[in-house]
Every structure is written in structure tokens, then in C-alpha cells.
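Given next are the chains, with one letter for each unit.
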Amino acid sequence: FGDKFKKPKGSWDCATCFVSNKAEDSKCVACQSEKPGSSVPVTSSGASAFAAPSGELLDLDKFKKPEGSWDCEVCLVQNKAEAMKCVACESAKPGTKTEFK
Ligand SMILES: [Zn+2]
Ligand SMILES: [Zn+2]
């Protein structure tokens, strides 16, 4: 035994699903987890949230909402009162007559 199971050099096992991946894979082929120990580029700039297309930022407490505006329950984007659907994910506005039953 032993030698036959020698892994190709640089191969790695996914910490999430234990699938064995090749050295050149930077993500698990099965679950797309990042390769452990790879230099994951930490994007410091991209971390800031989701701005609504209008440019309003989601700043929950101190941001006074325009009258009648509503927050999408699905993606938490704030929508204008007159929007009947979320501008981002197109979920129906909560409390409208669209019912799922
Ligand atoms: Zn995996
Ligand atoms: Zn939404």
C-alpha cells in the first residue's frame, strides 16, 4: 500500500468536504472552499456594503428613512415607498397584497 496512494505533490485536501484537490486548484472542486493556507486576497476595499442604486447607504440607526420607504426582507436593501418590488432582488414589498398562499 502506501506508495500507491502517494498524493501528487502540492495536492491538498479540502478542510470542508475532504475532497482531494490538485495543487493548481485554488478552490475545492467540490464545494468551492478556498484552499487552506493559500494567500487569500483580503479585499479591504470591497468590504463596504451594498449601496442602493440611489446612492443611499444602509446605515440603519442614524439614517432617517424617507417616509414610506421600506427595507427588503430578503436582501435588506432599502426601497422607496413607491417601489412595489425590491430594486435589487425584485422581492415583493412586504405588506402588499401579494400573498403566497
Ligand atoms: Zn470541499
Ligand atoms: Zn431585495
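The coordinates are above.
Bear in mind the structure is a predicted one, so any value in this text is a computation, not a measurement.

About the thresholds
- Within every chain, residues take consecutive numbers counted from 1 along the sequence as written.
- Just so you know, chain letters begin at A and ligand numbers begin at 1, following the order they were written in.
- Per-residue local features are limited, in this predicted model, to residues with pLDDT of at least 70; the limit for side-chain atom pairs, both in listing and counting, is 80 or more; totals at the level of whole chains, interfaces and linings are taken over all residues.
- To obtain the side-chain values, all non-hydrogen atoms of the structure were included, while hydrogens and water were left out.
- Any nitrogen, oxygen or sulfur atom within 2.8 Å of a metal ion counts as a donor, with the limit raised to 3.2 Å for Na, K and Ca, and since water is left out, coordination shells can look unfinished.
- The geometry test gives tetrahedral to four donors whose angles all lie between 85 and 135 degrees, gives square planar to four donors and octahedral to six donors whose opposite members are over 155 degrees apart with all other angles between 65 and 115, and gives irregular to the rest.
- The helix and strand labels rest on DSSP assignments: H or I over at least four residues marks a helix, E over at least two residues marks a strand, and numbering proceeds from the N terminus.
- Exposed residues in this analysis have more than 50% of their type's maximum accessible area, buried residues have under 20%, and partly exposed residues fall in between, with area computed by a 1.4 Å probe over protein chains only.
- Only one rule defines a salt bridge in this text: a Lys or Arg side-chain nitrogen within 4 Å of an Asp or Glu carboxyl oxygen.
- Definition used in this section: a nonpolar core is a set of buried Ala, Val, Leu, Ile, Met, Phe, Trp, Tyr and Cys residues joined via side-chain atoms within 4.5 Å.
- Only heavy atoms enter the contact rule, under which two residues are in contact if any of them lie within 4.5 Å.

Moving on, we get to the coordination of the zinc ion (ligand 2). Of the protein atoms, only C72 (SG), C75 (SG), C86 (SG) and C89 (SG) coordinate the zinc ion (ligand 2), at distances of 2.2 to 2.3 Å. One way to put it: the four donor atoms around the zinc ion (ligand 2) meet at angles of 102 to 117°, and that makes the site tetrahedral. Mapping the donors of the zinc ion (ligand 2) onto the primary sequence gives the spacing C-x2-C-x10-C-x2-C. Taken together, the residues span a long stretch of sequence, with C72 in the loop between β3 (70-71) and β4 (78-79) and C86 in the segment after β4 at a distance of 14 residues. Look at C72 and you get buried, because its relative accessible area is 1%. By relative accessible area, which is 2% here, C86 ends up buried.

Here the focus is the pattern of salt bridges. Summed over all chains, the structure comprises one salt bridge. In this structure, E90 engages K85 in a salt bridge whose closest nitrogen and oxygen atoms are separated by 3.8 Å. According to the relative accessible area criterion, E90 is exposed, its value standing at 54%.

As a further point, take the nonpolar core. Core analysis: the largest hydrophobic core is formed by five residues, namely W70, C72, V77, A83 and C86. Look past the residues within four positions of A83 in its chain and what remains in contact with it is W70 and K93.

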